[in-house]
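Survey of secondary and tertiary structure
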Amino acid sequence: MLKLAPSLLAADFSTLGQVVKETADAGADMLHIDIMDGHFVPNLTFGPDLVKAIRLHSNLKFDVHLMIENPDLYLKAFVDAGADIITVHVETCTHLHRTIQQIKALGAKAGVVLNPATPVNLLEPILKDIDMVLIMTVNPGFGGQSFIPQSIDKIKRLKKMITNNGPCTIDIQVDGGITLDNVQDVINAGANVIVAGSAIYNNQALSDNIKRFKEAMYA
Ligand code: DX5
Ligand code: ZN
C-alpha cells in the first residue's frame, strides 16, 4: 500500500499545531518527524515534548526518524510522547537487534534507516524483525537537498532482498529530495512510503501539494 508521509522539517514552525491538522485533513497517511541531535547530523530539531504537543492536534500515524546518537536512551520518551513508528539509523546502533526489540517491546513499530553510503545487505540478519526500512536518498541533516540518483538501484536491491526473504510485509520508505518528478521512479523501484518535506510545505499550497503528490503516486 502506498503512503505519503509529509516531513514536518519544512513546515512553518510558528503554527505547528495548525499545520499538523491541515496535513491530516489534506489526506496525508503519516507524519514524518525528524529528530536531530547536532552530533550524528549537523543540525538540531525537535525533542519528545514537541512530539507530545503536536500529538494533541491529530490522529495521524507519527513516524519518528531518529538522527541521534545513543537512540536507546530516548526510545521510551518518544513512544510515550506519541510515536507510532520509530526508525533508527544502522550507523548509530552498535546493538541493532536489541534496539529493535526495545522499540517493539514499547509497543511501537520498528524501522531501520540506511545512509546513502551504507549497503542494504547489512539488514539481512534482522529483516524478519523489522516493519520498515528507510533508504535515505540524501545525506541526512537538512531538507531541500537533491535526490541521489544511485538510490534507485539501492531500492531495487532492497526490494529483491525482502522478496527473497519470504512472505513478510516490510515497508520501504524513501526520504530526501523526493518531488513530483521523481516519485514515480522510486515507487517503480519498490518504495511504498514516500517522505517529502520541501515539496509539500515550501509554499502556501499544502493541500494542493498533497493532492498532486497522491495523484503522481497513483499515476
Ligand atoms: C533529512 C530529513 C528529511 C527531510 C526531507 O535529513 O530526514 O526527512 O525533511 O526533506 P526534503 O523532502 O526537502 O528533501
Ligand atoms: Zn527524515
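None of the values given here were measured: they were computed from a predicted structure.

Here the focus is helix α8 (residues 206-217). Between its first and last C-alpha, α8 extends 16 Å over twelve residues, near the 16 Å set by a 1.5 Å rise per residue. Buried residues of α8: L206, I210 and F213, and no others. Down the axis of α8, the sector holding all buried residues measures 65 degrees, keeping them to one side. Of the residues in α8, the exposed ones pointing more than 90 degrees away from the buried face are D208 and E215. Here the buried face of α8 lies against β1 (3-6), α1 (16-25), α6 (183-189), β8 (193-196) and α7 (198-201).

What links the strands of a sheet is backbone hydrogen bonding, and the strands pair in either a parallel or an antiparallel sense. Read from one edge of the open sheet, eight strands run β1-β8-β7-β6-β5-β4-β3-β2, paired in parallel fashion. For this open sheet the edge positions go to β1 and β2 (30-36), each flanked by a neighbour on one side alone. Sheet twist, expressed as the average angle between the axes of neighbouring strands with direction ignored, equals 25 degrees. Where strand β4 (residues 85-89) lies against strand β5 (residues 109-114), five bridges are found, and the strand directions are parallel. Paired with H89 across the strands is V113, a residue of β5. This element, helix α5 (residues 151-164), spans β6 (132-136) and β7 (171-175) of the sheet and lies at about 160 degrees to β6. Across the sheet, α8 touches β1 and β8, and the angle it forms with β1 is around 145 degrees.

Before going further, it helps to examine the site of ligand 1. S7, P140, G143, G197 and S198 are the nearest of the 22 residues found near ligand 1. Going through the elements one at a time, β2, β8 and α7 are the ones with two or more residues in the shell around ligand 1. Taken together, the residues of the shell around ligand 1 break down into nine nonpolar, eleven polar and two charged.

The UniProt entry lists S7, H65, G141, F142, G143, G144, D175, G176, G177, G197 and S198 under the feature "binding site: substrate" (unreviewed entry), expressed in the numbering used here. Here G141 lies in the loop between β6 and α5. With 17 C-beta atoms packed within 10 Å, G141 lands in the partly exposed category. Setting aside anything within four residues of it in sequence, one finds G141 in contact with M36, V41, P42 and N43. Summarising the element assignment, G143 is placed in the loop between β6 and α5. Overall, the presence of 21 C-beta atoms within 10 Å leaves G143 in the buried class.

Attention now moves to the nonpolar core. Counting 65 residues, the largest nonpolar core has V64, A83, I86, V133 and I194 as its most contacted members. With residues up to four places along the chain from it excluded, the contact list for V133 reads G111, V112, L123, L158, I170, I172 and Q173.

Cut-offs and rules
- By convention here, each chain's residues receive numbers from 1 onward along its written sequence.
- For naming, the first written chain is A and the first written ligand is 1, with later ones following in the order written.
- Only residues with pLDDT of 70 or above have their local features reported here, since the model is predicted, and side-chain atom pairs are shown and tallied only from 80 upward, although totals for entire chains, interfaces and linings are computed over all residues.
- Secondary structure is summarised from DSSP: a helix means a run of H or I of at least four residues, a strand means a run of E of at least two, and numbering begins at the N terminus for each.
- Given a helix with a known number of residues, its expected span is that number minus one, times 1.5 Å.
- A residue is called partly exposed when the number of other C-beta atoms within 10 Å of its own lies between 12 and 20, exposed at 12 or fewer, and buried at 20 or more, with C-beta atoms placed from the backbone.
- Taken from the helix axis, the directions to the C-beta atoms give the arc we talk about.
- Contacts are defined on C-beta atoms placed from the backbone: any two residues whose C-beta positions lie within 7 Å are in contact.
- Strands are treated as partners if at least two bridges between them are detected by DSSP.
- Axis lines are fitted to C-alpha atoms, over the contacting stretch for helices. Their N-to-C directions set the angle, which ranges from 0 to 180 degrees.
- As used in this record, a residue near a molecule or strand is one whose C-beta atom, placed from the backbone, is within 6 Å of it.
- The classification used treats Ala, Val, Leu, Ile, Met, Phe, Trp, Tyr, Cys and Pro as nonpolar, Asp, Glu, Lys and Arg as charged, and all other residues, Gly among them, as polar.
- UniProt positions are given in the numbering used here, feature names are shortened, and annotations may be inferred rather than shown by experiment.
- Nonpolar cores are identified as sets of buried Ala, Val, Leu, Ile, Met, Phe, Trp, Tyr and Cys residues joined via C-beta atoms within 7 Å.

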